[in-house]
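Structural overview for review
Chain by chain, the residues:
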Amino acid sequence: LSLTSTSSDAPIEFHGFEVNNMFKSNAEVHRILQQHYLHTALGQLYKIVGSLELVGNPLGLISSLSVGVKDFFYEPARAIITTPTEFRKIGKGVFKGTVSLVSNISVGLLDSSIGVTQSFSRIASKVTMDQSYIRAREKLQRPPRTVSGLVTRPMKDIGTGLYYASSGLVKMPYV
């Protein structure tokens, strides 16, 4: 069973390591480099944990929120600084900042909730051990190839979910 979560947008950075006048054996240099890079990786472990889809990718949520909040204050401030007497441009700055805030909050929350529901769905499908359902679910995961497939896909997903839920209740009502 593969019940692990996926991680997305977790930038782990390893910078160079420089030492002058090092007179050590190969084993000691290896140990020093290993300690440096292990310490660097452990110091950035929060990025991996924060980007797990099982917990809703909180790092992505915080990133989206920070962009929205920054734009919310930056756009009106920039309009005030560049054209303090033109209220129309200030209004546009307020509007752009507000739109950015609302859209980034929406994107962050939707991405996080989608990640959580996909993870739970993936885990639930593996736990059921129903091979026909797992195959049908894998088939549904393929992207639609046509515009009509793109339009009808949500209804197919809902219909398939309802079918398997009701057939599961009929086949095994007391499990």
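In this report, the structure presented in the accompanying data block is examined. Per-chain numbering applies: the sequence of each chain, read as written, is numbered from 1 onward. Given that this is a predicted model, residues contribute local features only at a pLDDT of at least 70 and side-chain atom pairs are listed and counted only at 80 or more, while totals for whole chains, interfaces and linings are drawn from all residues. As a rule here, side-chain values cover all heavy atoms of the structure and leave hydrogens and water aside.

Glancing now at a positive patch on the surface. Residues form patches when they are more than 30% accessible in relative terms and have no salt bridge. Like charges link within 9 Å. Nonpolar side chains (Val, Leu, Ile, Met, Phe, Trp, Tyr) link within 5 Å. Per-residue and other accessible areas follow the Shrake-Rupley method at a 1.4 Å probe size, with only the shown protein chains counted as cover for residues. Salt bridges are identified by distance alone: a Lys or Arg side-chain nitrogen within 4 Å of an Asp or Glu carboxyl oxygen. Charge counting treats Lys and Arg as positive and Asp and Glu as negative, with His and both chain ends excluded. Charged side chains are reduced to one point each, which is NZ for Lys, CZ for Arg, CG for Asp and CD for Glu. Where like charges cluster on the molecular surface, the positive patch consists of K139, R142, R145 and K156. For the exposure calls, accessible area comes from a 1.4 Å probe over protein chains only, and a residue counts as buried if that area is under 20% of its type's maximum, exposed if over 50%, partly exposed in between. On the basis of relative accessibility, which here comes to 51%, the residue K156 falls in the exposed class.

Before going further, it helps to examine the pattern of salt bridges. Going through the model one piece at a time under the given rule, you end up with four salt bridges. The closest approach of N and O atoms between K70 and D71, which form a salt bridge, is 3.4 Å. For R153, the salt bridge goes to D157, with nearest N and O atoms at 3.2 Å. Taken together, the residues R153 and D157, both in helix α6 (residues 147-171) and four residues apart, mark about one turn of the helix. Overall, R153 belongs to the buried group, its relative accessible area being 19%. One connected set of salt bridges, linked through shared partners, spans E75, R78 and K96. Numbered from the N terminus, helices here are DSSP runs of H or I no shorter than four residues, and strands are runs of E no shorter than two.

This part takes up the packing of aromatic side chains. Stacked, tilted and edge-to-face are the three classes applied to pairs of Phe, Tyr and Trp rings, where Trp contributes its six-membered ring and a pair requires centres within 6.5 Å; stacked means planes under 30 degrees apart, edge-to-face means over 60, and tilted covers the rest. One pass over the structure, following the stated rule, counts two aromatic pairs. Where F72 meets F73, the ring centres are 5.2 Å apart and the plane angle is 80 degrees; that geometry is what we call edge-to-face. The class of F73 is exposed, set by a relative accessible area of 55%. The ring of Y74 carries K70 above its face, with NZ or CZ at 5.3 Å from the centroid. Throughout this description, the term charge over a ring refers to an Arg CZ or Lys NZ atom that lies within 6 Å of the ring centre and within 35 degrees of the ring normal.

Note on method: axes are straight lines fitted to C-alpha atoms, helices fitted across the in-contact stretch only, with angles between N-to-C directions ranging 0 to 180 degrees. It is the contact of helix α3 (residues 58-82) with helix α4 (residues 87-128), at a shortest axis distance of 7 Å, that shows an interaxial angle of 180 degrees. Taken as axis vectors, α3 and α4 run roughly antiparallel relative to one another. Residue polarity is assigned by list, with Asp, Glu, Lys and Arg as charged and Ala, Val, Leu, Ile, Met, Phe, Trp, Tyr, Cys and Pro as nonpolar; anything else, Gly included, falls into the polar class. Its residues placed into classes, the contact of α3 with α4 shows 14 nonpolar, nine polar and five charged. Oblique is the label for any angle not under 35 degrees, not over 145, and not in the 65 to 115 range, which are roughly parallel, roughly antiparallel and roughly perpendicular in turn.

On to α6. Its 25 residues place the ends of α6 36 Å apart at the C-alpha level, agreeing with the 36 Å of an ideal helix rising 1.5 Å per residue. Here the bend at a residue is taken as the angle between two axes, fitted respectively to the seven residues that end there and the seven that start there. Where α6 bends most, the angle comes to about 45 degrees, and this point is R153, followed within four residues by the proline P154. Within α6 the residues assigned to the buried category are G149, R153 and S167. We call two residues contacting when some pair of their heavy atoms lies within 4.5 Å. The inward-facing, buried residues of α6 abut α5 (131-141). Each residue after the first adds 1.5 Å to the expected span of a helix.

Attention shifts here to the packing of α4 against α5. Interhelical geometry of α4 versus α5 gives an angle of 150 degrees and a closest axis separation of 8 Å. As for the relative orientation of α4 and α5, their crossing is left-handed in sense. For the pair α4 and α5, contact is made by Q118, S121, R122, S125 and T128 and by Y133, I134 and R137, respectively. For the contact of α4 with α5, the residue count by class is two nonpolar, four polar and two charged. The hand of a helix crossing depends on one turn: near helix anticlockwise from the far one by less than a right angle means left-handed, and clockwise means right-handed.

With that out of the way, let us pick up the side chain of S100. Counting through the fold element by element, S100 comes out in helix α4. Each residue touching S100, except ones within four places of it in the same chain, is listed here: V67, G68 and D71.

On to the environment of V99. Note that V99 resides in helix α4. What makes V99 partly exposed here is its relative accessible area of 41%. Between the C-alpha atoms of V99 and D71, which are 28 residues apart in sequence, the distance is 9.0 Å.

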